[in-house]
Amino acid sequence: MQLCIKAYAADWRRFMTANKGINWKRLILALVVSLGAGVISWLLTGNSMEMYKNLHKPILSPPGQLFPVVWTVLYIFMGLASFLVYTSDKYTKPALTLYCTQLFLNFMWSIIFFNLQMYLAAFFWLFLMWFLIIITIVLFYEICKPAAYLMIPYLVWVTYAGYLNLAIYMLN
C-alpha cells in the first residue's frame, strides 16, 4: 500500500512540474460537464430521495443524505480526471469518448432506477457502466496516471451501488 501511495505521489509531482500552467477554461469546462451531468440527472429524478427512503433496503445501505455529498465529490474527481487527460500531450480521443459514454450511462441510470423503477434493468445498466469505467481507467492510466487514480473512487462507489441496486431489486 505504501509503495502505491509513493508511486502516486511521484506521478503527481512529475505531472505538476511538467504542466506549470493551468488552462482554467478547460478545467472549468471539464468540471461543468461532469457536475452538469449529475445536476441534470438530479433535476430529472426530483423525488428520488423520498422514493429511496420508502424502499426496502439491504443492511449496508447508507442514509439518503450521503448520496448527494458522495456524488458531488465523485463528479469533481471525474471532471479533474477528464481535464488531466484532455490537456495531456498524448492522443486522447478514444479515452475521452469512452469517458463521455460512461458519463451518459451514469446520467441515464438514475432515470432507469428512480423514474422508471426498473431495478433489474438498472442493475444491468450499472454493470455495463462499471465495465466501461474500468476500461476508462485503463485508458486514462496510459495517458496520465493521476487521472486514472482519480477515477478509482468512482469505480468503488459504482461497485457498492451495484450491490445496493441488486439488493433493492431482490427486496422490492
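Read on for a plain summary of the structure.

The rules behind these values
- Residues numbered from 1 in each chain as written.
- Predicted model: local features only at pLDDT ≥ 70, side-chain atom pairs only at ≥ 80, totals over all residues.
- Heavy atoms only, no water.
- Helix = DSSP H or I, 4+ residues; strand = E, 2+ residues; numbered from the N terminus.
- Contact = heavy atoms within 4.5 Å.
- Areas by Shrake-Rupley, 256 points an atom, 1.4 Å probe, with all protein chains shown as cover.
- Salt bridge = Lys/Arg side-chain N within 4 Å of Asp/Glu carboxyl O.
- Patch = residues over 30% accessible without salt bridge, like charges linked within 9 Å, V, L, I, M, F, W, Y side chains within 5 Å.

For the rest of this paragraph, the subject is the overall build of the protein. The helix and strand tally for the protein stands at seven helices and zero strands. Contacts in the protein between residues at least 24 apart in sequence constitute 79% of all its contacts with a sequence separation of at least 6. Here the protein has roughly 10,000 Å² of accessible surface; of this, 73% comes from carbon and sulfur atoms.

For the rest of this paragraph, the subject is the pattern of salt bridges. All told, the structure shown has one salt bridge when counted by the stated rule. For the salt bridge of Glu50 with Lys53, the shortest nitrogen-to-oxygen distance reads 3.5 Å. Residue Glu50 and its partner Lys53 are both found in helix 3 (residues 48-54); the two are separated by three residues, about one turn of the helix.

Even without being glycine, Gln117 reaches a positive phi, approximately 55°. Residue placement: Gln117 occurs in the loop between helix 5 (93-115) and helix 6 (119-143).

A cluster of nonpolar side chains, contributed by Ile22, Trp24, Ile28 and Val32, occupies part of the molecular surface with about 410 Å² of accessible area. Among the secondary structure elements, Val32 is positioned in helix 2 (residues 24-44).

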